[in-house]
Amino acid sequence: MAELSMQNGEVEVEVIHSWSTPRTLSTSLMYSFAQRDDMEVLDEPLYANFLRVTGFDRPYREELLCKMEADGNKAVKEVIFGPGRKKYRFCKHISKQWVPGLPTDLIKKGKHFILIRSPLDILPSFEKIVPPSFQEIGLANLISIYNELSELGRPPPIIDAAELQENPEATLRGLCEDLDIPFQALMLKWEAGPKPIDGIWAPWWYKSVHKSTGFEKGRKYSQPFPFVHYDLLEQCLPLYNLLCRGVRKPSCLLKSPLPRPNLPVPANEKLLAWVGDELLPRDGAKVSVFDSVVQGGDSVWEGLRVYSGKIFKLDEHLDRLFDSAKALAFTNVPTREEVKEAIFRTLIRNGMFDNSHIRLSLTRGKKVTSGMSPEFNLYGCTLIVLAEWKPPVYDNTSGITLVTATTRRNSPNNLDSKIHHNNLLNNILAKIEGNSANAADAIMLDKDGYVSETNATNIFLVKKGRVITPHADYCLPGITRATVMDLVVKEKLELEERRISLSEFHTADEVWTTGTMGELSPVVKIDGRDVGDGKVGPVTRRLQNAYKTLTQDVGVPIPTYHVT
Ligand SMILES: Cc1ncc(COP(=O)(O)O)c(C=O)c1O
């Protein structure tokens, strides 16, 4: 058979399948490939089968069913994979035409790629010809095609029509490279007007592409979106965004997108976060642009740690969370039981029973319009449970360095530090000073120049055997601080809470910081001066050990956790 074909001048061709939704410049791309000297093209060879199977109506339905192969099996075996006269055959497919019953060879054989375009552009263009629907647009099919190919170990390259318009040569070169065929400059230009390769539906659909002679830049600013299709847009956009992630060079507001960053703990790349009342994958876990935390940092938060199947000091953290929310006059706050349930469900779904940290935020919630007033908050609070794998963040073995920031800690005159709010700019400014000095954190002074805490932790010193820590006037009344103060008493050490000046820290025998995230962190240098002899001191070690024992022994058990 192959020999017979060869005698007719026909050869076995390599098929390149282009999969896209309608109105994505797929016909322009077909014209572009048709320019090549090694390529023949087919315009939607599965169209007739699609109309036959789905019963969809079109003005040209009967003509198309007569003139094109309407048996999907034959269309695949004899038309798409039939012999030809060139090395390659480009098949333009519209994803909705991938209907049940087609032979699996369609996906298994040949090279495939996906062409996408924002539904913001597709829907207005499609509605000019046929009323759009979810099935007509076919994004769900496009995702299925992507998944089928990925499961076969051949995830297809994806290109975006916007890139093709913006930078045709680079996009075509990239696509050719991905398809492992040489780029040909011929692909950049074609003649205007109808072509013999056009499907019989061309008079209805190809009016504007017939005017083109290449990929032309799109309009800088598009027309207003037709809001009758708002619901459809809401269904289509997330699917488009999923495919966008696979685009070689994603369209981006930044001219040169930043490289994909490395995560401090790679295991956190795939996690589920609780937002509102649902668990969402990391990249989809978002709050509304109307949320109070976006509008004004109007939110309260807690950091909690998980040790050996238990949440350490859960009730103490929830007490502070609810107190902070009350101080800020939040309304429609979830109950303690609801918050606990959300925390448990998040940890269990993520399989996080140890070595994890929870960033728990409760925002004043979504507003009905942008603005400052809590009177716009008619939806109730938004709860966020972000759990991550997180080993202690400081060097608790050799100790850390601190510097003193020029930024003063908020005083109760302006924003009371007893409210654990997300408006963290005061601390972030100090943290920037710490970063600039290569220090782990920065000490913040109160309005009178006494030490309050660091930008992220509470602080203690030891002088001649006495443990001293600042009053919680300007600092956050930390839960680790309170725990360590209890341990100091249990260890029969002397404890004092008072105003402490910076020079007392410079001349202390030992210093450490406390916080849920970092636990007890020895400080060995402050503002260039060694603390004591510059080594971790004995009182610090004793309290670190006592704290470690406590975290293993106490805590609220996570349901379903069993020691193995
Ligand atoms: C400014 C500040 N100080 C201290 C702490 C430590 O508090 P806790 O021990 O409750 O984690 C935190 C933690 O959130 C903080 O943000």
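Not measured: the values here are computed from a predicted model. (Residues numbered from 1 in each chain as written. Predicted model: local features only at pLDDT ≥ 70, side-chain atom pairs only at ≥ 80, totals over all residues.)

Let's talk about helix H11 (residues 168-179)
For H11, which comprises twelve residues, the first-to-last C-alpha distance of 16 Å matches the rise-based estimate of 16 Å (1.5 Å per residue) to within 8%. Taken together, the buried positions of H11 are Pro-168, Thr-171, Leu-172 and Leu-175. On an axial view of H11, the arc spanned by its buried residues comes to 95°, and they lie on one face. Downstream of H11 by one or two residues, Asp-180 has phi in the positive range, about 60°. (Helix = DSSP H or I, 4+ residues; strand = E, 2+ residues; numbered from the N terminus. Expected span 1.5 Å × (residues − 1). Buried ≥ 20, exposed ≤ 12 C-beta atoms within 10 Å, placed from the backbone. Arc of directions from axis to C-beta.)

Focus: the sheet that holds strand E3 (residues 88-94)
On the basis of which strands lie adjacent, the open sheet formed by five strands has the order E2-E3-E1-E4-E5 and parallel pairing. The sheet is open, and its two edges are formed by strand E2 (39-43) and strand E5 (158-160), each paired on a single side. Across the sheet, the mean angle from the axis of one strand to that of its neighbour is 25°, orientation sign disregarded. Here five bridges tie E2 to E3, and the two strands are oriented parallel to one another. Across the sheet, the residue bridging to Asp-43 is Lys-92, located in E3. In the packing of helix H2 (residues 26-34) onto the sheet, the strands contacted are strand E1 (14-20), E2, E3 and strand E4 (111-116), and the crossing angle to E2 comes to about 155°. (Pairing = 2+ DSSP bridges. Axes fitted to C-alpha atoms, helices over the stretch in contact; angles between N-to-C directions. Contact = placed C-beta atoms within 7 Å.)

Overview of the domain arrangement of the chain
Domain annotation for the chain reports domain 1 (2-244), domain 2 (266-389) and domain 3 (400-553). Each of domain 1 and domain 3 was reduced to a C-alpha centroid, and the two centroids are 63 Å apart. (Domains from an automatic or database assignment.)

With respect to the site of the ligand
Around the ligand, the structure places 14 residues, and the nearest of them are Gly-478, Ile-479, Thr-480, Gly-515 and Thr-516. Counting only elements with at least two residues in the shell around the ligand, the list comes to helix H19 (479-490) and strand E18 (510-515). Of the residues forming the shell around the ligand, the biggest block, three residues, is contributed by H19. In the shell around the ligand, the residues fall into three nonpolar, nine polar and two charged. (Near = placed C-beta within 6 Å. Nonpolar A, V, L, I, M, F, W, Y, C, P; charged D, E, K, R; others polar.)

Regarding the environment of Arg-173
Within the fold, Arg-173 resides in helix H11. Overall, Arg-173 belongs to the partly exposed group, with 15 C-beta atoms counted inside 10 Å. Residues Arg-173 and Lys-490, spaced 317 residues apart in sequence, show a C-alpha to C-alpha distance of 71 Å.

Things to note about the environment of Ala-387
Among the secondary structure elements, Ala-387 is positioned in strand E11 (residues 382-389). It is 21 Å that separates the C-alpha atoms of Ala-387 and Ser-324, two residues lying 63 residues apart in sequence. Residues contacting Ala-387, with those up to four places away along its chain left out, are Leu-271, Thr-346, Leu-347, Asn-350, Met-352, Ser-356 and Ile-358.

Regarding unusual backbone geometry
The phi dihedral of Asp-180 is positive, around 60°, even though this residue is not glycine. Relative to the assigned elements, Asp-180 resides in the loop between H11 and helix H12 (202-205). For Asp-527, which is not glycine, the phi dihedral falls at a positive 50°. By secondary structure assignment, the location of Asp-527 is in the loop between strand E19 (519-526) and strand E20 (529-530). Look at Asp-527 and you get partly exposed, because 14 C-beta atoms sit within 10 Å.

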